[in-house]
Amino acid sequence: MTAPAPARGRGGRLLLLLALAACDSVTGARPPEVVSAELAGSGPLARTLTVELARPDPLVVDYWTEGAPRLRVRSPRAVKHTLPLARLRAGRTYTWRIAGSDREGTFGTAPLPADLAQVRLAATGTPTTPLVLLHLYRADGFRGYVVVDGAGEVVWYWRGQGVPYGMTRRRNGNFVFLDQLRGLVEVTPAGTVVRELAQDVAGRGEMHHDVIATPSNTLLVIAFDRRTADGAPLLGDAVWEWSPEAGTVVKRWSAWDHFSPQRDRGPRFDREWLHANALALGPRQNVLLSIHYWNQVISISPGWGPVEWRLGGVNATIPLAPGEQFTGQHTAREIAPGRVVLFDNRHEQGGSSRAVEFDLFGGVARRVWEWRPPRANFASVVSSARRLPGGNTLVGFGTSAGLAGGSGPIEVYEVTPAGEPVWHLGVDGPLVMYRAEPLSTLAGEEVVEGPP
């Protein structure tokens, strides 16, 4: 909108104030002229608002329910707008309003399904990450992915079929979930499945444990690579790349081309040789692979070249200082050049599991940070540690008492660099939490301070 020309005198000032008042206080533009607005259900805890305007304009929509933060979504200049209303709580009545207009309405959300409602969540403190995505599995109950807010309220979920393994997000904001039985599934924040890569197509091998997005908008996934060693079948691991839009799947790397079962063998060697459990892209586009059975993290050089280093464990090229060896580790990431953060399950060592950061420079890895919970918690399997943008760390302990020898409970902490917990989430129920992942948003929504 063009600013009004300056006017002189009391009457001119009044006209100026009226003209400015006509500009919407949220968008800073002229008020939208709404032709139609329709709300539709799109997922268990998501709605889609479709708005048509008389002329191209940006659009802002607020929506809220009692006792929860007011949320806002924005849409750029257009005549037709499709806005996702996400981060909804179950069993609530919501009001929505188009900023600068008299268009508003209400809608209700259904209660949580019985099997998910059985998972009891209790949060204390104030997190810096707005949302946390939990990978939850119960053999006779809910299995899938659940997003909770800082109050511990479920605000989104997607039901899977098997164990909910790793997840990632694409540039378009869609989730990609690795479901043990279904395979790779791309899901919009509205809950719609748009693409799938089924398990073990054309003998590729069962995909397992982790998937990550690349800068080229493709996806890397771990898959078993079955070969014969010493006359017997043996499961190795490979990394495959899926291009969802092109529909192509290409094997990029195999452990069989770089290691030997006779020479590179860990303490839990069985019909599986490596049991890789995490993928990550490093700061140089090197690829980190966590090898559970070797108590080791390796770095594959950019462009799928040779292995650059082997941190800890079997035949390490970067050994750990005495007493610092991690065992049964998960979610290793190189957060900065030469700095690796991981969850150390301490599989063979017991005691309390920990989140730990190592400095790899100088030929020997040095521990530069670690954190253990105030109440000792031994998670013998699964679990996660994620460094947050502000420097805090989100740490998830994924085993309930007695599971695989773990002490329990299932819980998530956000802790400062000084080791102070600022948020705690208790997850109560006979289930497994594979990981806890930080999310900044579900569908681009933002929290707005103050009353509607």
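Shown above is the structure to which this text applies.
Each residue is numbered by its place in its chain's sequence as written, counting from 1. Thresholds applied to this predicted model are a pLDDT of at least 70 for local features of residues and 80 or more for the giving and counting of side-chain atom pairs; totals over whole chains, interfaces and linings are not thresholded and use all residues. Excluded from the side-chain calculations are hydrogens and water; all other atoms, namely the structure's heavy atoms, are used.

This brings us to the overall build of the chain. Scanning the chain from N- to C-terminus turns up 2 helices and 31 strands. For the chain, the C-alpha radius of gyration of 25 Å lies close to 22 Å, the compact-globule estimate for 452 residues. Based on the C-alpha atoms only, the size of the chain along its principal axes is roughly 90 × 50 × 50 Å. Note on classification: 1.4 Å probe, protein chains only; a residue is buried when its accessible area is under 20% of the maximum for its type, exposed when over 50%, partly exposed between these limits. Going through the 452 residues of the chain one by one, you find that 54% of them count as buried. Across the chain, every contact between residues at least 6 apart in sequence was considered, and the portion connecting residues at least 24 apart equals 50%. Of the roughly 18,800 Å² of accessible surface on the chain, 53% is carried by carbon and sulfur atoms. Only DSSP runs of H or I covering at least 4 residues are called helices, and only runs of E covering at least 2 are called strands; the numbering of each starts at the N terminus. The globule rule used for comparison is 2.2 Å times the number of residues to the exponent 0.38, while the radius of gyration itself is calculated over C-alpha atoms. Only heavy atoms matter for contacts: two residues are in contact if any of them lie within 4.5 Å across the pair. Under the convention used here, a 1.4 Å probe and the Shrake-Rupley method define accessible areas, while residue burial counts only the protein chains that appear.

Okay, unusual backbone geometry next. G408 connects to P409 through a cis peptide bond whose omega is 0 degrees. At H209, a residue that is not glycine, the phi angle is positive and equals roughly 70 degrees. Mapped onto the secondary structure, H209 falls in strand β14 (residues 207-213). Judged by relative accessible area, which is 7%, H209 ranks as buried.

Here the focus is the nonpolar core. Definition used in this section: a nonpolar core is a set of buried Ala, Val, Leu, Ile, Met, Phe, Trp, Tyr and Cys residues joined via side-chain atoms within 4.5 Å. Of all hydrophobic cores here, the largest spans 38 residues; its most connected members are L134 and L136. Here this core takes 6 residues from strand β2 (residues 46-64), the largest share from any one element. In contact with L134, other than residues within four places in its own chain, are L121, G144, Y145, V146, V148, V412, L425, V427, M433, R435 and A436. Core analysis: the second largest hydrophobic core is formed by 22 residues, I212, L220, V239 and I291 among them.

Within this scheme a cavity is a closed region of a 1 Å grid, computed over the protein atoms alone, that accommodates a 1.4 Å probe without allowing it to escape, whereas a pocket is open but has protein on both sides within 12 Å along at least five of seven lines; lining residues each have an atom within 4 Å of a point. Grid points are joined across faces, edges and corners, and a volume is the space filled by probe spheres set on the points. In this structure, the largest pocket occupies an estimated 850 Å³ of space. The wall of the largest pocket is formed by 30 residues, among which R333, R386, R387, E437 and P438 lie closest to the centre. Elements with a contribution of two residues or more to the lining of the largest pocket: β10 (164-169), β14, β18 (276-281), β22 (330-336), β26 (384-387) and β30 (432-439). Residue composition of the lining of the largest pocket, by class: 15 nonpolar, 7 polar and 8 charged. In this structure, the second largest pocket spans a volume of roughly 290 Å³. Counting only elements with at least two residues in the lining of the second largest pocket, the list comes to β7 (131-137), β10 and β30. Sorting elements by how many residues they give to the lining of the second largest pocket places β7 first, with 3 residues. Gly is placed with the polar residues, together with every amino acid not listed as nonpolar (Ala, Val, Leu, Ile, Met, Phe, Trp, Tyr, Cys and Pro) or charged (Asp, Glu, Lys and Arg).

One open sheet accounts for 4 strands, arranged β9-β8-β7-β30; its pairing is antiparallel. Unpaired on one side and paired on the other, β9 (154-159) and β30 mark the two borders of the sheet. Ignoring strand direction, the axes of neighbouring strands in this sheet form an average angle of 20 degrees. Bridging between β7 and β30 involves 6 bridges; their strand directions are antiparallel. Bridge pairing in β30 places L133 opposite E437. Two strands are said to pair when DSSP picks up at least two bridges between them. All axes here are fitted lines through C-alpha atoms, helices being fitted over the stretch that makes contact, and every angle between N-to-C directions spans 0 to 180 degrees.

Right, let's get into the packing of aromatic side chains. Each aromatic pair joins two rings of Phe, Tyr and Trp (for Trp, the six-membered one) with centres within 6.5 Å, and gets the label stacked for planes under 30 degrees apart, edge-to-face for over 60, and tilted for any other angle. Summed over all chains, the structure comprises 18 aromatic pairs. Both rings, one in Y94 and one in F107, keep their centres 5.4 Å apart while their planes meet at 10 degrees; by these two values the pair is stacked. Placement of the pair is Y94 in strand β4 (residues 93-98) and F107 in strand β5 (residues 104-108), with a sequence separation of 13 residues. Of the aromatic side chains, those joined through ring pairs into one cluster are Y145, W156, W158, F175 and F177. For a lysine, the NZ atom is tested; for an arginine, the CZ atom; a charge sits over a ring if that atom is within 6 Å of the ring centre and within 35 degrees of the ring normal. Here the guanidinium or amino end of R169 rests over the ring plane of F175, the centre of that ring lying 4.1 Å away. The ring of F269 carries R265 above its face, with NZ or CZ at 3.7 Å from the centroid.

The strand order β10-β11-β12-β13 describes an open sheet built from 4 strands, whose pairing is antiparallel. The two strands at the open ends of the sheet, each matched to only one other strand, are β10 and β13 (193-197). This sheet shows a mean twist of 20 degrees between the axes of neighbouring strands, independent of strand direction. As paired strands, β10 and strand β11 (residues 175-179) are joined by 4 bridges and run antiparallel to one another. Along β11, the bridge assignment pairs M167 with F177.

Coordinates in, geometry out; function isn't part of it.
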